[in-house]
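Secondary and tertiary structure notes
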Amino acid sequence: MPALRNRLKDTPVAGAKRVLLAAPRGYCAGVDRAVIAVEKALDRFGAPVYVRKQIVHNIHVVSTLEKKGAIFVDDVDEVPEGSHIVFSAHGVSPAVVQGAADRSLEAIDATCPLVTKVHREAVRFAKNDFEILLIGHAGHEEVEGTMGHAPERTTLVNSPADVANITVNNPDHVVWLSQTTLSVDETMETVRLLRERFPNLQDPPSDDICYATTNRQVAIKKVAVDADLVIVVGSANSSNTVRLVDVALEYGAKAAYRVDYASEIKQEWLEGVATVGVTSGASVPEVLVQEVLDDLADAGYGDVSQVVTAEEDLMFSLPKELRKDAEGNADERGLGGRVRQLDWQKQR
Ligand code: SF4
């Protein structure tokens, strides 16, 4: 949905109008890889290619891929036998993999490698008879996939308030793991409370909250302290996007709103606002941020400064099913995040 240009009015405020643009923002390496995987699968095998769940949690990305021939389904039993199916970046449980095999589906696993890392941790701790306390949001696809790797030994911890009601069999053999896209601060608070109850609680071998989630939260914290308003671009079902709104409010933004598109920005949000902070979730193409900046410029916020708290250059190789071309030659990925963003811009 293109932005409606000149929709926002330039109204006077006390002080100079400006935008603080958080960096890093937008696409992470796992999202980039998953979106390319669907596009490559369409190129290689032709439409339709089925995708279990939204490939990433962004409605613009999903609708763009639908137009190219991807069909999004809730589960593998909706897919005709023998078809190609892509598993989303959020990962799947072994039961889903088996369900796809039972229908003779050609599966392409676009699970983010950082989610796969958590799956492996769950399997290893379960094998060693640990009880796993998984901090995450009930019903989120990533949580369902991770729990499915150790269903008998995993208890979900939704929030710090849940901790008092957790029961375990052996309090000395307990480990915590987490969803990759949570609020860092809230998760650390949950861990603190868990450790009060279970002093021998083991930590995961490395952070489960991923680099992209952490980096975007650090950047918006720095922006939020100076912002009268923060606009976060991203979809409502994107966990890391929604956390950015929460973090912005916690760290001093006077108001913070999430939008999928620039056209959702309301004139009244800008009343009396001198400094607007802007960021985007890890599944958001930069073109959507640019449209927000264009609309803000129409409203007098043309002075844009980037607030950079980290540089990111991580890239993941494609799923193994797509690493060779039709003739069996190695298909070097060769598409960096920057190249991809330009590609998305051209489609608009
Ligand atoms: S947000 Fe993190 S875990 Fe999720 S796809 Fe991106 S890099 Fe992977």
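A few points on the structure. In this text the structure is predicted, and so the values were computed from the model without any measurement.

Reading the values: rules and limits
Residues numbered from 1 in each chain as written. Predicted model: local features only at pLDDT ≥ 70, side-chain atom pairs only at ≥ 80, totals over all residues. Heavy atoms only, no water. Helix = DSSP H or I, 4+ residues; strand = E, 2+ residues; numbered from the N terminus. Buried < 20%, exposed > 50% of the residue type's maximum accessible area, 1.4 Å probe, protein only. Expected span 1.5 Å × (residues − 1). Contact = heavy atoms within 4.5 Å. Near = heavy atom within 4 Å. Nonpolar A, V, L, I, M, F, W, Y, C, P; charged D, E, K, R; others polar. Pairing = 2+ DSSP bridges.

Here's the deal with the side chain of Arg243
Along the chain, Arg243 falls in helix α8 (residues 239–250). Note on Arg243: relative accessible area 14%, which makes it buried.

So, α8
Between its first and last C-alpha, α8 extends 17 Å over twelve residues, near the 16 Å set by a 1.5 Å rise per residue. Those residues of α8 that sit buried are Ser239, Asn240, Thr241, Arg243, Leu244, Val245, Val247 and Ala248. Taken together, the buried residues of α8 touch α7 (211–224), β9 (229–233), β10 (256–259) and β11 (275–280). Just downstream of α8 lies Gly252, where phi reads positive at about 115°.

Considerations on the environment of His119
Mapped onto the fold, His119 is located in helix α4 (residues 113–127). Given the relative accessible area of 6%, His119 is considered buried. Each C-alpha atom, one on His119 and one on Ser93, is 8.8 Å from the other, the two residues being 26 residues apart in sequence. Contacts of His119, omitting those with residues within four sequence positions, involve Gly91, Val92, Thr111, Gly145, Thr146 and His149.

Concerning the site of the ligand
In the vicinity of the ligand, the contacting residues are Cys28, Gly30, Val31, Cys112, Leu114, Val115, Thr180, Thr181, Cys210 and Tyr211. Those elements that place two or more of their residues in the shell around the ligand are α1 (29–45) and α4. When the residues that make up the shell around the ligand are grouped by side-chain class, the tally is seven nonpolar, three polar and no charged.

Section: the pairing of strand β8 (residues 174–178)
In terms of burial, β8 is largely enclosed, as five of its five residues are buried. The side-chain alternation of β8 yields two buried faces, one formed by Val174, Trp176 and Ser178 and the other by Val175 and Leu177. Where strand β6 (residues 131–135) meets β8, five bridges bridge the pair, whose relative direction is parallel. If you follow Leu133 over to β8, its bridge partner there is Trp176.

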